[in-house]
Every structure is written in C-alpha cells, then in structure tokens.
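# Understanding the architecture of this molecule
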Amino acid sequence: MPHIYMILFVFGVIATISTYLIPSGEFDRVKGPEGREMVDADSFHYIDSAPVGLVDFISIIPRGLIEAGEIVFFTLIIGGMFMVLRRTGIIEIGVDKLACQFINKVF
C-alpha cells in the first residue's frame, strides 16, 4: 500500500493534467425560492481555460490546508480527545458501568 503522501501527490498530478485536457465551462446562477442561488440547467457555456501551472501544483496541499484550516484543526482536536479517552480507559469503564446497570435492571 503506498504512503498517503504518494496518493495525494498522484491525485494532484491527475487533477493538474486534467486542467489541460478538460475544457472549462460554467453555469449561470439565478435566484431561486427563498432567495437562494440555484444553477440554471440550460445555461452552460464554455469559458477560457486557465490550466494549473507548476507553482500552483507545488502549492496545492499547503493552500488546501490553509483553506480548510478550521476542519483540519477540529479533526486533530477531536482525534486527540478520543486518544486521551482511550488511553485513560474512560470509555471502557463507562461501557462496563452501563452494562452492569442494564444487567441489574433487566434481571
């Protein structure tokens, strides 16, 4: 199994190459019910391509981490919290106490 960084690199290369092969296009947006913007399905038109260059390719992962910083930080905090709970044994203790309570009430 390849390393996660190798998988991310390959996906980055594929996405970069696809910007040269797939023509660019967009849909117009219109106001929908309740004031929300919606895509007009009949409004597709091609636009000028802007392929990804070498500098953009190199900065894919750092820019992605910056743009999704809140999600990345939240995931790290939650992962750390669960590791602390697991190492201290609180989850197992809680499940054992809950099981004992359930068994005492049923039988």
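Below or above, wherever it landed, is the structure these notes cover. (Residues numbered from 1 in each chain as written. Predicted model: local features only at pLDDT ≥ 70, side-chain atom pairs only at ≥ 80, totals over all residues. Heavy atoms only, no water.)

### Regarding a negative patch on the surface
We apply this condition: Grouping into patches uses exposed residues only, defined as over 30% relative accessible area, and leaves out salt-bridged ones; the cut-off is 9 Å for like charges and 5 Å for nonpolar side chains (Val, Leu, Ile, Met, Phe, Trp, Tyr). To be clear on the numbers: accessible area is Shrake-Rupley with a 1.4 Å probe, and residue cover counts the displayed protein chains and nothing else. Put simply, a salt bridge is a Lys or Arg side-chain nitrogen that is within 4 Å of an Asp or Glu carboxyl oxygen. In this count, Lys and Arg are taken as positive residues and Asp and Glu as negative ones, while His and the chain termini are left out. For this purpose, a charge sits on NZ of Lys, CZ of Arg, CG of Asp or CD of Glu. By definition, any uninterrupted DSSP run of H or I lasting at least four residues is a helix, any uninterrupted run of E lasting at least two residues is a strand, and each is numbered from the N terminus. A simple rule labels every residue: compare its accessible area, found with a 1.4 Å probe on the protein chains alone, to the largest value its type can have, and call it buried under 20%, exposed over 50%, or partly exposed in between.
Together, E26, D28, D40 and D42 make up a region of like negative charge exposed at the surface. Relative to the elements of secondary structure, D28 occurs in the loop between β1 (25–26) and β2 (29–31). Under the relative-accessibility criterion, D28 is labelled partly exposed at 38%.

### Some details on the side chain of T16
What counts is decided by this rule: Here, two residues are considered to be in contact whenever any of their heavy atoms come within 4.5 Å of each other.
Inspection of the secondary structure assignment puts T16 in helix α1 (residues 4–21). When near neighbours in sequence (up to four residues on either side) are disregarded, T16 contacts V52, F57 and I60.

### Quick notes on the packing of aromatic side chains
The cut-off we apply is this: Two rings from Phe, Tyr or Trp (for Trp, the six-membered ring) form a pair when their centres sit within 6.5 Å of each other. Planes less than 30 degrees apart are called stacked, planes more than 60 degrees apart edge-to-face, and all others tilted.
Scanning the entire structure with this criterion turns up three aromatic pairs. Relative to F57, the ring of F9 has its centre 5.6 Å away and its plane inclined at 65°; by these criteria the two rings are edge-to-face. Here F57 lies in helix α2 (residues 54–58) and F9 lies in helix α1, a separation of 48 residues in the sequence. We classify F9 as partly exposed; its relative accessible area is 42%. With a centroid separation of 5.1 Å and 80° between ring planes, the pair formed by F44 and Y46 is classed as edge-to-face. Cluster of aromatic residues (ring-pair linked, three or more members): F27, F44 and Y46.

### A short note on a nonpolar patch on the surface
On the surface, I4, Y5, L8, I60, I61, L65, V72 and L76 cluster together into a nonpolar patch covering about 750 Å² of accessible area. Tracing the backbone through its elements, the reader meets V72 in helix α4 (residues 69–88). Residue class for V72 comes out partly exposed when judged on its relative accessible area of 31%.

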